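As a plain string of letters, each chain reads:
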Amino acid sequence: MQEIDRHLSSASRDYDRIEVAIRYLEENFQLQPNLDDVAAATGLSPHHFHRLFSRWVGTTPKRFLQFLTVEYAKDRLRESTSVMEAAWDAGLSGGSRLHDLMVTVEAVTPGEYKQGGADLQVRWGVHPSPFGECVLGMTDRGLCALEFLTERSPRQIEEELMRRWPGADLEEDPTGTAPHLEKLFPAPGAGPRGPFTLLIKGTNFQLQVWQALLQIPPGYLTSYGALAKHLDLPGASRAVGQAVGRNPISYLIPCHRVIQSAAGLGGYRWGLPRKQAMLAWEAAATRAAEI
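These numbers were taken from a predicted model, which means no experiment stands behind them. (Residues numbered from 1 in each chain as written. Predicted model: local features only at pLDDT ≥ 70, side-chain atom pairs only at ≥ 80, totals over all residues. Heavy atoms only, no water.)

Along the backbone of the protein there are 14 helices and eight strands. By sequence separation, contacts in the protein at least 24 residues apart represent 67% of the contacts at least 6 residues apart. In the structure as shown, the protein presents an accessible area of about 13900 Å², 51% of it carried by carbon and sulfur atoms. (Helix = DSSP H or I, 4+ residues; strand = E, 2+ residues; numbered from the N terminus. Contact = heavy atoms within 4.5 Å. Areas by Shrake-Rupley, 256 points an atom, 1.4 Å probe, with all protein chains shown as cover.)

Another aspect to go through is helix α8 (residues 154-164). For α8, the full list of buried residues reads Ile-157, Glu-158, Glu-160, Leu-161 and Arg-164. An end-on view of α8 places all buried positions within 160° of arc, on one side of the element. (Buried < 20%, exposed > 50% of the residue type's maximum accessible area, 1.4 Å probe, protein only. Arc of directions from axis to C-beta.)

The final tally for this structure, using the stated rule, is eight aromatic pairs. A centroid spacing of 6.4 Å and a plane angle of 75° characterise the contact between Phe-148 and Trp-270, whose relative ring orientation is edge-to-face. Within this pair, whereas Phe-148 is found in strand β4 (residues 142-148), its partner Trp-270 is found in the loop between β8 (258-259) and α14 (272-290), the two being separated by 122 residues in sequence. On the basis of relative accessible area, Trp-270 is assigned to the buried category, the value being 1%. (Phe/Tyr/Trp six-rings, centres within 6.5 Å; stacked < 30°, edge-to-face > 60°.)

On to the nonpolar core. Of all hydrophobic cores here, the largest spans 61 residues; its most connected members are Trp-56, Phe-64, Leu-198 and Leu-213. Counting residues per element, this core draws most heavily on helix α1 (residues 2-28), at seven residues. Not counting the four nearest positions on each side in its chain, Phe-64 is found in contact with Ile-18, Phe-53, Trp-56, Val-57, Thr-59, Ala-280 and Trp-281. Counting residues in each nonpolar core, the second largest holds 14 residues, with Trp-124, Val-135, Ala-145 and Leu-161 among its members. (Core = buried A, V, L, I, M, F, W, Y, C linked by side-chain atoms within 4.5 Å.)

On to the packing of helix α11 (residues 204-213) against helix α13 (residues 237-245). As a packed pair, α11 and α13 sit with axes 9 Å apart at the nearest point and diverge in direction by 75°. The angle between α11 and α13 falls in the class roughly perpendicular. For the pair formed by α11 and α13, the contact residues are Phe-205, Gln-206, Val-209, Trp-210 and Leu-213 on the first element and Ala-239, Val-240, Ala-243 and Val-244 on the second. Of the residues that constitute the contact of α11 with α13, the class distribution is eight nonpolar, one polar and no charged. (Axes fitted to C-alpha atoms, helices over the stretch in contact; angles between N-to-C directions. Parallel < 35°, antiparallel > 145°, perpendicular 65-115°, else oblique. Nonpolar A, V, L, I, M, F, W, Y, C, P; charged D, E, K, R; others polar.)

Every other side chain in a regular strand lies on the same face of the sheet, so the side chains alternate between the two faces. Most of β4 is tucked away, with seven of its seven residues classed as buried. With six bridges joining them, strand β3 (residues 134-139) and β4 adopt antiparallel strand pairing. The residue of β4 that forms the bridge with Leu-136 is Leu-146. What sits between the antiparallel neighbours β3 and β4 is a turn of two residues. (Pairing = 2+ DSSP bridges.)

Moving on to the pairing of strand β2 (residues 121-127). The element β2 is extensively covered by neighbouring structure, given that five of its seven residues are classed as buried. Joining the antiparallel neighbours β2 and β3 is a turn of six residues, in which Gly-132 adopts a positive phi near 95°.

With that settled, consider the side chain of Ser-223. You can see Ser-223 is positioned in strand β7 (residues 222-223). Judged by relative accessible area, Ser-223 falls into the buried class, the value being 10%. Here the side chain of Ser-223 touches Ala-226 through a polar contact of 3.0 Å, landing on its backbone nitrogen. Non-local contacts of Ser-223, meaning those with residues more than four positions away in its chain, are made with Leu-77, Val-258, Ile-259 and Ser-261. (Polar contact = N/O pair within 3.5 Å; in protein donor to acceptor, adjacent residues only side chain to side chain.)

On to the confidence of the model for the protein, then. Summarising the model, the protein shows a mean pLDDT of 81, and 86% of its residues fall at 70 or more. Below pLDDT 50 for its whole length, residues 92-101 participates in 16 contacts with residues either more than four positions away or in separate chains. (pLDDT = per-residue confidence, 0-100.)

Our next topic: unusual backbone geometry. Here Asp-119, not a glycine, exhibits a phi torsion of approximately 70°, which is positive. Residue placement: Asp-119 occurs in the loop between α7 (110-115) and β2. Owing to a relative accessible area of 83%, Asp-119 belongs among the exposed residues under this scheme. Backbone geometry at Tyr-251 places phi at a positive 70°, although glycine is not the residue there. Its location among the elements puts Tyr-251 in the loop between α13 and β8.

This is the structure:
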């Protein structure tokens with residue numbers, strides 16, 4: 001566990017520099033900055049910047065920066081369209097089936113929804129991750145929260161958990177939630193994650209959207225419009241987008257794999273640079289697996 005903690009703490013520190021680089025590129029893309037420029041923006045030499053990327057994602061900065069572009073995401077969306085349509089038509093594709101079998105979703109009952117999780121104990125803790133500090137919320141029935149701190153304090157996160165589960169007994173217990181990190185964010189080469197059980201609370205519509213997100217395999221993308229069409233609500237892209245934005249379990253329920261079809265990547269509850277980093281991370285892993 002100590003080795004995992006060291007790996008995640010290092011990855012979390014790396015992510016902070018990665019986010020600085022992403023923001024710098026967004027603000028200066030018209031100047032076509034080179035490696036030296038981006039490295040300087042992070043406060044590192046080009047050599048150390050190169051090492052950081054290799055340690056964090058396992059590919060070169062140049063290749064990684066290509067994965068960060070909106071045009072790359074649009075190309076990947078076009079490549080993914082037929083695969084995702086087939087996956088949804090069949091219920092599960094080969095790749096998404098593997099992902100789905102590792103993630104089991106349990107929704108609270110209507111009575112539990114009304115009571116706000118009465119008699120439920122939620123243990124939560126703040127931990128490092130490859131995408132920055134995150135909050136894990138656990139119950140005896142499964143993971144109920146995975147959120148990134150962004151600009152919020154741990155106390156604000158706790159207040160959000162209390163609003164989501166007003167009837168539950170909340171306890172800050174990072175020692176109790178830490179063992180789940182090894183499955184969520186394994187060290188490179190450590191094998192597949194999971195299995196996971198998720199306990200989620202939402203409207204019937206939100207649950208439908210979140211279940212559909214689970215069918216998107218790593219390395220694939222879909223659009224808000226395609227997701228709405230799959231749910232037989234072709235005119236409800238905005239409502240689908242709102243449900244995607246209310247996803248309480250980031251990363252595992254992969255809302256970051258939904259982008260706008262033509263106008264960019266779309267929003268992300270935990271910050272657009274984090275969404276870009278996740279997509280680029282998965283693109284690098286997918287390309288490495290194809291070699």
